[in-house]
Amino acid sequence: MSNKEIAKLLRNVAAAYTIKDEKKFYFQIVAYQKAAEAIEGLTSELKDYYAEDKLDEVPGIGVTLKSRLEELFKKGKVAHYEWALSGIPQAMFPLLDIPSFGPKKAYKLVKEFNLKNPDTVIDDIEKIAKEGRIASLSGFGEKSQSDILRAIAEFRKGSGKTTRMTLPFASEVAEKMLDYLRKSPDVIRAEPLGSLRRSSPTVGDIDIAVASKNPKAVLNYFIKYPYLDRIIEKGSVSSSILASGGKQIDLLIQPPEGFGALLQHFTGSKNHNVHLREFALKKSLSLSEYGIKNTKTGKSTQYSSEEEFYKAIGLEWIPPEMREDTGEIESAAEGNLPKIIELSDIKGDLHLHSSFPIEPSHDLGVNNFKEMLAVAKDLNYEYVGFAEHNPSVSKHTPEKIYGLVSRRNEAIEHILSDNKSIRIFKLLETDILPNGQLAIDNKTLETLDGTIVSIHSVFNMRKDEMTKRVIEGLSHKKAKILAHPTGRMLNERPGYELDWEKIFEFCIKNNKALEINSWPTRLDLPDSLIREAVNRKIKMVIDTDSHAKDQMYLQKYGVEMARRGWATKSDIVNTLSYNEFREWLKI
DNA sequence: GCCGTTTTCGGCCCGACTGTTTTCAGTCG
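Caption draft 1: Summary view of the protein's contact with DNA strand B. In the vicinity of DNA strand B, 48 residues are found, and the nearest of them are Gly-62, Ser-100, Lys-143, Glu-278 and Tyr-290. Between DNA strand B and Glu-278, the relevant distance is 2.5 Å, taken from a phosphate oxygen to a side-chain nitrogen or oxygen of the residue. One of the side-chain N or O atoms of Ser-286 is found 2.7 Å from a phosphate oxygen in DNA strand B. Only helix H2 (26–41), helix H4 (63–75), helix H6 (103–112), helix H8 (142–157), strand E5 (228–234), helix H13 (270–281), strand E8 (285–288) and helix H15 (328–333) provide two or more residues apiece to the surface near DNA strand B. Here the surface near DNA strand B takes five residues from H13, the largest share from any one element.

Structure, rendered in structure tokens:
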């Protein structure tokens, strides 16, 4: 079961409790929603937590939920949930995926019209609304009837909460709106917040905060956005719109003197905020987007910066990437937050595919050495590594492969002789074959400074076999880095199965590094595995896997994943100087 | 059902907005 399916199950249980007895089950409902939120936000599979007996490390999962989830993974169902969901019409649950449908509304409609089939319930509701039979129900009216029809239509188009954007795409959507907002004389500051500011690997909707002394004017300006599809809601301090392309943009406004509280509130995550507010409440401080209220004196205070806001709760400022309620509040309270890595710490990119005609097994790059070095210079790098895919094994003899790689090496030497500013490592990205052997032989590997290894074929092996394959591939003394270690592609495929316990153990013993691949649809390692690797002092390297020079600027996304995994400079080997990195390659 | 800078029992974030309402329920972030 995927994280999404599990979260859906927990939300369904919460919805069932809401229908059965909202008051009696109030805190279970909250707990189930919180756990669902946490599971949805995970960037590794919950199944892997289960496999390593770490379910209760997920915030919001305690003793009871742990045992229920274990039952789910073992048997595919949970007896207690079968009971909880019994007596509740199954047809209400698909409706909950549609924005504006909650448990009460879904239940009332399904019950009222005696709808039984979950597979057709959305069609059924649509038909009933079109016939005008919803408006007459108590609690409903003409407006809510037409809203239902529109919500269903938008849901079908895949807008709203169903599809999530990759980070660069989300940034683009946000930038367009920010450019627009900053043209308004009433906008003093405008910042993208929410999961985009936390650099979550995928982003659902765009959240923007504005500092202004005239919120009304800004709101009126906001809803005149040229790429507006429709206004979802508009109040006195906030508004939501659907932009063309089906992406929701939420706006919140505060005066500049209260902007710090707004930044904090709207950056989230939800579970971070809930935990932070509970923490503050113990100090008689009640937090909101307006500021901090002392519950004893009743005195409210505004904060213009986030740093002051956190300080007022007795905490050091927590970087947005860490605000997922995975222990950052406790660490901040103890003054133990690690100093996480920054983009400027990176001294090189070791995973570059040039256009050198090496006749590779997979894609060749489109730019030559010099063109890529020019970008490296722009990025202030000390060194780079060229790591084209190994020459195709099926098309060439080992002798031919040796010749191709040697020619590439000579071409690099030639560049080096008239290039003083940036050093170059002669690497390759070598396939690990299904039997664990590397795709090219020792004689050729010996000509390299080292090699990156990775899986590019036969993804569907058993977990133990895949683990053996990877470890065997990494065992070669020239193999130093495992590229895109999980093989996941965001919004496409989950990645192959690996026994991380064994991989970590092997890496630490044999001084191998795991790559954090910055490619926006990979972002692989996922942040939770980065966090795990950091805890075990395993070295990582942040690379772009660039096949074109402009892609080298994507390095920031890998750095952001490292930050989400609490990695410091010392965890990442390409923060080392040229000489230090050279030494590390030889160990 | 979770969780611990008052606690292993007894608490549990805070507010905006909309539609259908005569004062509030439902949904959302």
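Here the narrative resumes.
Caption draft 2: Main features of the sheet that holds strand E2 (residues 189–193). Spatially, five strands are ordered E2-E4-E7-E6-E5 in an open sheet, and the strand pairing comes out mixed. Because the sheet does not close on itself, it has two edges, and the strands there are E2 and E5. The average undirected angle you get between the axes of adjacent strands in this sheet is 25 degrees. Both strand E6 (residues 238–243) and strand E7 (residues 247–254) contribute to a ladder of six bridges, which runs antiparallel. If you follow Ser-240 over to E7, its bridge partner there is Asp-250. Running over the sheet, helix H9 (residues 167–181) touches E2, strand E4 (206–211), E6 and E7 and is turned about 30 degrees from E4. In the packing of helix H11 (residues 215–222) onto the sheet, the strands contacted are E4, E5, E6 and E7, and the crossing angle to E7 comes to about 165 degrees.

Caption draft 3: Highlighting the nonpolar core. Counting 88 residues, the largest nonpolar core has Ile-206 and Leu-514 as the members making the most contacts within it. In terms of residue count, H9 provides more of this core than any other element does, eight residues in total. Of the domains in this structure, domain 2 (165–254) and domain 4 (343–586) are the two that each give at least three residues to this core. Excluding anything up to four places from it in sequence, Ile-206 contacts Met-165, Ala-170, Val-173, Ala-174, Leu-196, Gln-248, Ile-249 and Asp-250. Of all hydrophobic cores here, the second largest spans 55 residues; its members include Tyr-17, Val-58, Phe-73 and Ile-88.

Caption draft 4: Up close: the packing of aromatic side chains. Under the criterion given, the structure shown has 20 aromatic pairs. Seen in terms of ring centroids, Phe-356 and Phe-369 are 6.0 Å apart; in terms of plane orientation they differ by 15 degrees. Their pairing is stacked. Linking Phe-356 in the loop between strand E11 (348–352) and helix H16 (369–378) with Phe-369 in helix H16, this pair joins segments that are 13 residues apart in sequence. For the pair formed by Phe-356 and Phe-369, the shared burial category is buried. Taken together, Tyr-383, Phe-425, Tyr-578, Phe-581 and Trp-584 form an aromatic cluster joined through their ring pairs. Positioned over the ring face of Tyr-402 is Lys-443, at 4.2 Å from the centre of the ring.

Caption draft 5: Summary view of the pattern of salt bridges. On inspection of all chains with the given rule, the structure shows 35 salt bridges. Notably, a salt bridge pairs Arg-189 with Glu-191, separated by 3.4 Å at the nearest N-O pair. The partly exposed category is assigned to Arg-189, whose relative accessible area is 37%. Arg-462 is the salt-bridge partner of Asp-464, the closest N and O atoms lying 2.9 Å from each other. Residue Arg-462 is classed as exposed on the basis of its relative accessible area of 52%. Put simply, Glu-52, Lys-54, Glu-501, Glu-532 and Arg-536 are held in one network by salt bridges that share partners.

Caption draft 6: Representation of a nonpolar patch on the surface in the model. On the surface, a nonpolar cluster with roughly 330 Å² of combined accessible area is contributed by Tyr-26, Phe-27 and Val-30. Here Val-30 shows up in helix H2.

Caption draft 7: Representation of the sheet that holds E11 within the structure. Here three strands make up an open sheet; going across it, the order is E11-E12-E13 and the pairing parallel. A strand with exactly one partner marks an edge of an open sheet, and here the two such strands are E11 and strand E13 (423–426). In this sheet, neighbouring strand axes are inclined to one another by 20 degrees on average, regardless of whether the strands run parallel or antiparallel. As defined by bridge partners, E11 adjoins strand E12 (residues 383–386) across three bridges and the pair is classed as parallel. Following the sheet pairing, Leu-352 is matched in E12 by Phe-386. Each of E11, E12 and E13 is contacted by H16, which is oriented at about 145 degrees to E12, the strand it contacts most.

Criteria and cut-off values
Residues numbered from 1 in each chain as written. Chains lettered and ligands numbered in written order. Predicted model: local features only at pLDDT ≥ 70, side-chain atom pairs only at ≥ 80, totals over all residues. Heavy atoms only, no water. Near = heavy atom within 4 Å. Polar contact = N/O pair within 3.5 Å; in protein donor to acceptor, adjacent residues only side chain to side chain. Helix = DSSP H or I, 4+ residues; strand = E, 2+ residues; numbered from the N terminus. Pairing = 2+ DSSP bridges. Axes fitted to C-alpha atoms, helices over the stretch in contact; angles between N-to-C directions. Contact = heavy atoms within 4.5 Å. Core = buried A, V, L, I, M, F, W, Y, C linked by side-chain atoms within 4.5 Å. Buried < 20%, exposed > 50% of the residue type's maximum accessible area, 1.4 Å probe, protein only. Domains from an automatic or database assignment. Phe/Tyr/Trp six-rings, centres within 6.5 Å; stacked < 30°, edge-to-face > 60°. Lys NZ or Arg CZ within 6 Å of the ring centre and 35° of its normal. Salt bridge = Lys/Arg side-chain N within 4 Å of Asp/Glu carboxyl O. Patch = residues over 30% accessible without salt bridge, like charges linked within 9 Å, V, L, I, M, F, W, Y side chains within 5 Å. Areas by Shrake-Rupley, 256 points an atom, 1.4 Å probe, with all protein chains shown as cover.

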